[in-house]
Amino acid sequence: MVIVLFVLGLVLLIIGAEALVRGASRLAAMFGISSLVVGLTVVAFGTSSPELAVSINAALNDQASIALGNVVGSNIFNVLFILGAAALIVPLTVSHALIRRDVPLMIAVSVLVWLFAFNGTLSRVEGLALCAMLAAYIGLLIVHSRRETAAAAPGETPAPKATAKTWVVNLGLVAVGLVLLVVGSKWLVDGAVTFARHLGVSELVVGLTIVAAGTSLPEVVTSIIAALRGERDIAVGNVVGSNLFNLMGVLGIASVVAPAGMAVTPAVITFDLPVMMAVAFACLPIFFTGGEISRGEGALLFGYYLAYTAYLVLAATNSSVLPVVKTAMLYFVLPLTLLTLMVTLRQARRRADG
């Protein structure tokens, strides 16, 4: 029965996110918001709504490890697995706006969350600060969108005309999506906690792996389909926007609604959050290389996700080879990758200057 509820929870989350994204996207189009901003906000935030529902549910039930692990694991999964898999299918084009504005912001907020968590707690005040940053970010995007709309060519397609029927249908989709997300998140969290207890692993590991991957399924579907349809900029924008919403919106709101803030374990502070920061930093030089993520870079990202997941499994099972793997990752793989990224970035700058 637990397995059935867990699977049904995932299904409801995916269906709910799809309904929410579809309805919200149409409502945004009625207001004349540009497709780029819709992708960075409505679509990205909509596909992150399962993370929001799950984390709020977990925070209210004093299961901070699942709430925090869900966000950190989802951000790592989004970049390494989704971008890696999508780039393996077809090289991904990266918008210059993402490179200049959104990726640096993702890096900055990742570091800020780690600094907030360093004392072992994400307080309500820090959660409110993250929510305020999200509101400012959305406001910036809306202002930018209006400027783009005002400067648009006269021949461009106007926003669809809003009728009473379209308002009712789209608002209905949003409402149904939210209801499905609430119900699905409860079933998913309950099933995840039961799995953790049955397998004898921590709720944090379950949140970083099973729950994170499950709630990121909308991003997986959106980005891979976008890559297959040739809408490669959307594939990247969806991931970056989702990560920003996870950090500022999901963590912010979960920290506010948690009875005593969000407790952060030492393992998250010393390993998982630094990995999330490293993944965010790795995006910048990769994105700079000619404005695309190549298949080779996609393979590197995908390989790192497999290595990260293997580490979590080894840590959960107290494997005897864990110290060897950890040493290899810290003193060989990560430095080599950093060196490769720096060389790649330097070569890209030389080509740009030349």
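Below is a short write-up of the structure.

1. With respect to the pattern of salt bridges
Then step 1. Evaluation of the coordinates by the stated rule reveals 1 salt bridge.
Then step 2. With its nearest N and O atoms 3.1 Å apart, the salt bridge here joins D102 to R101. Note on accessibility: D102 and R101 belong to one class, buried.

2. Comments concerning the packing of helix α4 (residues 64–89) against helix α12 (residues 295–316)
Then step 1. Direction vectors running N to C along α4 and α12 enclose 140 degrees, while the axes themselves pass 7 Å from each other. What the angle tells us is that α4 and α12 run oblique. Both α4 and α12 take part in a crossing whose hand is left-handed. Contacts between α4 and α12 involve I76, F77, V79, L80, F81, L83, G84, A85, A87, L88 and I89 from the first element and R295, G298, A299, L301, F302, Y304, Y305 and Y308 from the second.
Then step 2. In the contact of α4 with α12, the residues fall into 16 nonpolar, 2 polar and 1 charged.

3. Quick notes on helix α8 (residues 203–215)
Residues that lie three or four places apart on an α-helix share one face, since the helix turns once every 3.6 residues.
Then step 1. For α8, built from 13 residues, the straight-helix expectation of 18 Å at 1.5 Å per residue is missed by more than 12%, its first-to-last C-alpha distance being only 15 Å.
Then step 2. The buried fraction of α8 is high, at 10 of 13 residues.
Then step 3. Every buried residue belonging to α8 is among L204, V205, V206, G207, L208, T209, V211, A212, G214 and T215, and all of these are buried.

What counts and what doesn't
Residues numbered from 1 in each chain as written. Predicted model: local features only at pLDDT ≥ 70, side-chain atom pairs only at ≥ 80, totals over all residues. Heavy atoms only, no water. Salt bridge = Lys/Arg side-chain N within 4 Å of Asp/Glu carboxyl O. Buried < 20%, exposed > 50% of the residue type's maximum accessible area, 1.4 Å probe, protein only. Axes fitted to C-alpha atoms, helices over the stretch in contact; angles between N-to-C directions. Helix = DSSP H or I, 4+ residues; strand = E, 2+ residues; numbered from the N terminus. Parallel < 35°, antiparallel > 145°, perpendicular 65-115°, else oblique. Left-handed = near helix turned anticlockwise from the far one by under 90°. Contact = heavy atoms within 4.5 Å. Nonpolar A, V, L, I, M, F, W, Y, C, P; charged D, E, K, R; others polar. Expected span 1.5 Å × (residues − 1).

By themselves, these observations are geometric and do not establish any function.
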